[in-house]
Amino acid sequence: MSFAYRPELLAPYLALDQGEKIQAEYVWVDGDGGLRSKTTTVDKKVTDIGQLRVWDFDGSSTNQAPGDNSDVYLRPAAIFKDPFRGGDNIIVLAETYNNDGTPNKTNHRHHAAKVMELAKEHEPWFGLEQEYTLFDADGAPYGWPKGGFPGPQGPYYCGAGAGKVFARDLIEAHYRVCLYAGIKISGINAEVMPSQWEFQVGPCEGIEMGDHLWMARYLLVRLAEQWGIKVSFHPKPLSGDWNGAGCHTNYSTAAMRVEGGIKVIEAAIEKLAQRHDQHIAVYGEDNDMRLTGRHETGHIGTFSSGVANRGASIRIPRHVAAKGYGYLEDRRPASNIDPYRVTGIIVETTILNA
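As a starting point, this report considers the structure included with it. (Residues numbered from 1 in each chain as written. Predicted model: local features only at pLDDT ≥ 70, side-chain atom pairs only at ≥ 80, totals over all residues. Heavy atoms only, no water.)

**As for helix α5 (residues 261–274)**
Then step 1. When the terminal C-alpha atoms of α5 are compared, their 21 Å separation across 14 residues agrees well with the 20 Å that a helix rising 1.5 Å per residue should span.
Then step 2. Listing the buried residues of α5 in full gives Gly261, Ile262, Ile265, Ala268, Ile269 and Leu272. What you see down the axis of α5 is that its buried residues fit within an arc of 115°, all on one side. Away from its buried face, by an angle of more than 90 degrees, α5 presents the exposed residues Lys263, Glu270 and Gln274.
Then step 3. In this fold, the buried residues of α5 make contact with α6 (276–280), β11 (305–307), β12 (314–316), α7 (318–323), β13 (328–330) and α8 (339–352). (Helix = DSSP H or I, 4+ residues; strand = E, 2+ residues; numbered from the N terminus. Expected span 1.5 Å × (residues − 1). Buried < 20%, exposed > 50% of the residue type's maximum accessible area, 1.4 Å probe, protein only. Arc of directions from axis to C-beta. Contact = heavy atoms within 4.5 Å.)

If you want it as structure tokens, here you go:
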């Protein structure tokens, strides 16, 4: 069934006065790594997260609880401005908890927040590069010839012009709504495969990284819904000679960001090398389809590092090596990661396991 979003039908109703009451859209991660949301009315403008109630939902419908004990609770964790409703309306990122008070199996924020609290004196900063692929309603890559293929990779990365770039209007809209919402989005670019894009979020400190990436994803899929476009975060959405999709993770601590920090970076890389398998285990589903040693990746079974090497597990940017301080880039995480798990294990490995 085709779908055409018609904003002119909705616009006059969104313009109606809603009095002092506001709408709060609660967003959470479901049992399959997707995003769900529902709305509640709050009596007045929210100025503190403590004003928001703990809510609940049917976890048996989201693969988060059995049918005979299905209540899962939503505890507000972060607030963002709502770019769809405007005004004082908000979007609330929530953690999921079981009815016995324990974190739900998909609530990886709970553990990550503890890790970040333990490491806060080190000021861990992150920047994530989220790649994704667009598909039309029929399941074909968006903008590709029906029943065929575009030309080989080459002209699409950071491309400009018809036939090289697809859905730029959606991508520009996403950039702007992220800025409006208060997400620390830092850039966008078209990627190597046609209809593949990337946005970057950060630098963010500690638990904020996961919060901002999840909300940026939510805003993207909400917008794409209006365009009738499907967003895929799969790390290898198309077989063949096409690049996969990753979520390169840039990381530094306070000690790495000052003169002489390269030694701290090198020490962190040594620690990461010793726990390669543990990291790969939480670096995304189907990542073996992407980390093949081809298409700007290292092989999933081998750890490597190098300066300016995009085929390595860990890349030290050339300007960092030249200055002697800065950050490292972990190129292993897939596009479908849970950012709480990735940022959490990086901090555990490089700081807490010292």
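What follows picks up the thread again.
**So, helix α2 (residues 109–118)**
Then step 1. All buried positions along α2 are accounted for by Arg109, Ala112, Val115 and Met116. Across the axial projection of α2, the buried residues extend over an arc of 120°, all falling on one side.

**Some thoughts on the packing of helix α4 (residues 208–227) against α8**
Then step 1. Packing of α4 against α8 brings their axes to within 9 Å, and their N-to-C directions diverge by 155°. Between α4 and α8, the interaxial angle falls into the category roughly antiparallel. Note on packing geometry: the crossing formed by α4 with α8 is right-handed. For the pair α4 and α8, contact is made by Met209, Gly210, Asp211, Leu213, Trp214 and Arg217 and by Pro339, Tyr340 and Thr343, respectively.
Then step 2. Class assignment for the residues of the contact of α4 with α8 results in 5 nonpolar, 2 polar and 2 charged. (Axes fitted to C-alpha atoms, helices over the stretch in contact; angles between N-to-C directions. Parallel < 35°, antiparallel > 145°, perpendicular 65-115°, else oblique. Left-handed = near helix turned anticlockwise from the far one by under 90°. Nonpolar A, V, L, I, M, F, W, Y, C, P; charged D, E, K, R; others polar.)

**Looking at the nonpolar core**
Then step 1. Ranked by size, the top nonpolar core spans 64 residues in total, and within it Tyr132, Leu134, Ile183 and Leu219 carry the most contacts.
Then step 2. Considering every element that reaches this core, the biggest residue donor is α4, with 10 residues.
Then step 3. Excluding residues that lie within four positions of it along the chain, tyrosine 132 makes contacts with Ile171, Ser195, Gln196, Trp197, Glu198, Phe199, Leu220, Val231, Ser232 and Phe233.
Then step 4. One finds Trp55, Phe57, Ala65 and Val92 within the second-largest nonpolar core, a separate group that totals 15 residues. (Core = buried A, V, L, I, M, F, W, Y, C linked by side-chain atoms within 4.5 Å.)

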